[in-house]
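Next come the chains, spelled out residue by residue.
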Amino acid sequence: MTIRELHKELVGLAPQLRRYAYALARNPADADDLLQATLERVLSRPMPEGAEVAKWSYTVCRNVWIDEIRSRKVRVAAAPELAYAVETTVSSEEAAGSRMALARAQEGIDKLPEEQREVLAMVAIAGMAYREAAEALSVPIGTVMSRLARARAALAAHMEAAT
Amino acid sequence: MRPWTDEQISAFLDGELPAAEMDALAKDVEGDAELARRVERLGAANTAFVQVVSAIDSKPMPAGVEKLLAEAPAHDPAGAKVLAFRPRSVSGWLMEHRALAASLLCAAIVGGVASGLSHETDPFAPKADGLILASSPLHHALEAAPTGEAVLISAGVSATPRLTFASDTGAFCRQVDVASQRGVTTAIACREGRAWRTQVAVFGKPGSGPDYQTASGGKSPALEAFIDDHISGAALNAEEEKQAITKGWSQ
């Protein structure tokens, strides 16, 4: 793959990669730092032969997160502002309900153990197969299944507690 | 019917159960309301997760990233494919089970998250699979509005189709601006069956003048790349577009 082809794939991948970065970082500023560092690294360093750009980029993103961004620990607090970023063009009652529900979901996500949130991001955002997530995390597929189910059940329970 | 664990239901939503178990669970869902509720419950949690994470779409890409993405290397002709703006897993199953999907999106569990966002506030971000519901005002705008015609889709929010083209798969696609006081989301949605599905979307803040600017000043690399890679022939002219609308977008 040429650098121009790689660049073009990254252009299409960037929005999804940014969501993945946000799922890991839980903070928009850290997510954008993570995204930029990921793109720079993918563009500037050799990619393993035969690797798919998307999968490689998610791998790089996770590595950058673990090795660099997370270690800063400067903005680790959750960012509820995103939950409130939606516009209020519906009735104020509906909008308030939407904001509250989003904020509640955000709370629930923030309460998830990191290993559960991470695997949920891999599968639900990055679209990885269980086998791919298991390889990336160096855990058995059964562990991926278990973490996913527990993450979804915990998030559901948190949201139900608010209704 | 057999007892199903949360792990199996979760894997079912991701399409990760063995084929025989996928079929068996799908069959059991049809006749077991409690099992259907459990499937919806985990599916709704997954949808909420995607929605919360997708909220970052409402912020413009940072300048450094925009610059990085806009500066295509000067050599080598294009040829790479743009990855689809479409996560795998839950969405695919939900698309095949529209009744459940509809109830899921309106589920009391999620409450206003889905119903409040999906139609009026952010027509593009909330769905895990980019689907624009048929009941959405945006769907109607994509169905009927000619290019250049602004359609009010909710209070203070308008949708204006900007471009219509046939994709390399034969589907019609439309670029549309959804503008409000906060800014404008420019997206490309393509028709699948009787629905429209968002393929790529970018957000820009309001400009200083009467027209809003997209995140990269009118030309988003992501949008341009998608069009370059998927357009088949030239964009439809006004007459061709009118015919497509009249025919209900059937080829």
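Throughout, residues of each chain are indexed from 1 in the direction in which the sequence is written. Chains and ligands are labelled by the order in which they are written, letters from A for the one and numbers from 1 for the other. The predicted origin of the model limits local features to residues at a pLDDT of at least 70 and limits the giving and counting of side-chain atom pairs to 80 or more, whereas totals for whole chains, interfaces and linings rest on all residues.

Considering the overall build of chain A
We count it as follows: Runs of E in the DSSP output that reach at least two residues are strands. Runs of H or I that reach at least four are helices, and both are numbered from the N terminus. It is the C-beta atoms, placed from the backbone, that decide contacts: two residues are in contact if theirs lie within 7 Å.
Scanning chain A from N- to C-terminus turns up seven helices and zero strands. Reading the secondary structure of chain A in the N-to-C direction produces α-α-α-α-α-α-α. Excluding contacts between residues fewer than 6 apart, the proportion of contacts in chain A whose partners are at least 24 apart in sequence is 62%.

Regarding the confidence of the model for chain A
Detailed conclusions should not be drawn from predicted coordinates in areas where pLDDT is low. Cut-off, in case you're wondering: The predictor attaches a confidence to each residue, and that confidence, scored 0 to 100, is pLDDT.
Chain-level statistics for chain A give a pLDDT mean of 83 and a share of 80% at 70 or above. Per-element mean pLDDT across chain A ranges from 78 in helix H4 (residues 92-111) of chain A up to 96 in helix H7 (residues 141-160) of chain A.

Regarding helix H1 (residues 3-25) of chain A
Residues and elements named next belong to chain A. Under the convention used in this document: Multiplying 1.5 Å by the helix residue count minus one yields the expected span of that helix. Bending is quantified residue by residue as the angle between axes fitted to the seven-residue window ending at that residue and the seven-residue window starting at it. To assign burial, the other C-beta atoms lying within 10 Å of each residue's own C-beta are counted, with C-beta atoms placed from the backbone; 20 or more indicates buried, 12 or fewer indicates exposed, and intermediate counts indicate partly exposed.
Between its first and last C-alpha atoms H1 spans 28 Å; for 23 residues at 1.5 Å apiece the expected length is 33 Å, and the helix comes up short by more than 12%. Of all the bends in H1, the greatest reaches close to 55° and is centred on Leu13; the proline Pro15 follows between one and four positions later. Burial of H1 is extensive: 19 of the 23 residues sit out of reach of the surface. The first or second residue beyond H1 is Arg26, which carries a positive phi of 60°.

Things to note about the confidence of the model for chain B
All names here are of chain B. Residues of chain B with pLDDT of at least 70 account for 66%, and the chain-wide mean is 71. Within chain B, helix H7 (residues 112-121) has the poorest average pLDDT of any element, 33, and helix H1 (residues 6-13) the best, 94. Throughout residues 206-218 the model reports pLDDT below 50, and contacts reaching past four residues in sequence, or to other chains, amount to 26 contacts. Model confidence for the complex is summarised by a pTM of 0.58, with the ipTM given as 0.86.

Some thoughts on the pairing of strand S3 (residues 157-166) of chain B
All names here are of chain B. Threshold: At least two DSSP bridges between two strands are required for those strands to pair.
Looking at chain direction, strand S2 (residues 151-154) and S3 are connected through three bridges and run antiparallel. Bridging from a neighbouring strand, Leu152 pairs with Ser158 of S3. One ladder, built from eight bridges, connects S3 with strand S4 (residues 172-180); its direction is antiparallel. Note on S4: the bridge partner recorded for Leu163 is Gln175. Connecting the antiparallel pair S3 and S4 is a turn made up of five residues, with Gly170 showing a positive phi of about 95°.

Remarks on the nonpolar core
To be explicit about the condition: The term nonpolar core refers to a group of buried residues, namely Ala, Val, Leu, Ile, Met, Phe, Trp, Tyr and Cys, whose C-beta atoms join them within 7 Å.
By size, the foremost hydrophobic cluster in this structure holds 93 residues, and its most contacted members are Tyr20 and Ala21 of chain A together with Phe49 of chain B. The leading source of residues in this core is H1 of chain A, at eleven residues. Each residue touching Phe49 of chain B, except ones within four places of it in the same chain, is listed here: Ile109, Leu120, Ala124 and Leu155 of chain A.

Regarding unusual backbone geometry
A positive phi is found at Ser138 of chain A, a non-glycine position, where the angle reads about 55°. Turning to its location among the elements, Ser138 of chain A is positioned in the loop between helix H6 (130-137) and H7. Residue Trp249 of chain B is not a glycine yet carries a positive backbone phi of 65°. Mapped onto the elements, Trp249 of chain B comes out in the segment after helix H10 (238-246). What makes Trp249 of chain B partly exposed here is the crowd of 16 C-beta atoms within 10 Å.

Quick word on the environment of Tyr20 of chain A
All names here are of chain A. If you trace the backbone, Tyr20 turns up in helix H1. Remark: the alpha-carbon pair of Tyr20 and Ala121, spanning 101 residues in sequence, is separated by 6.1 Å. In contact with Tyr20, not counting residues within four places along its chain, are Tyr58, Cys61, Ala121, Ile125 and Ala126.

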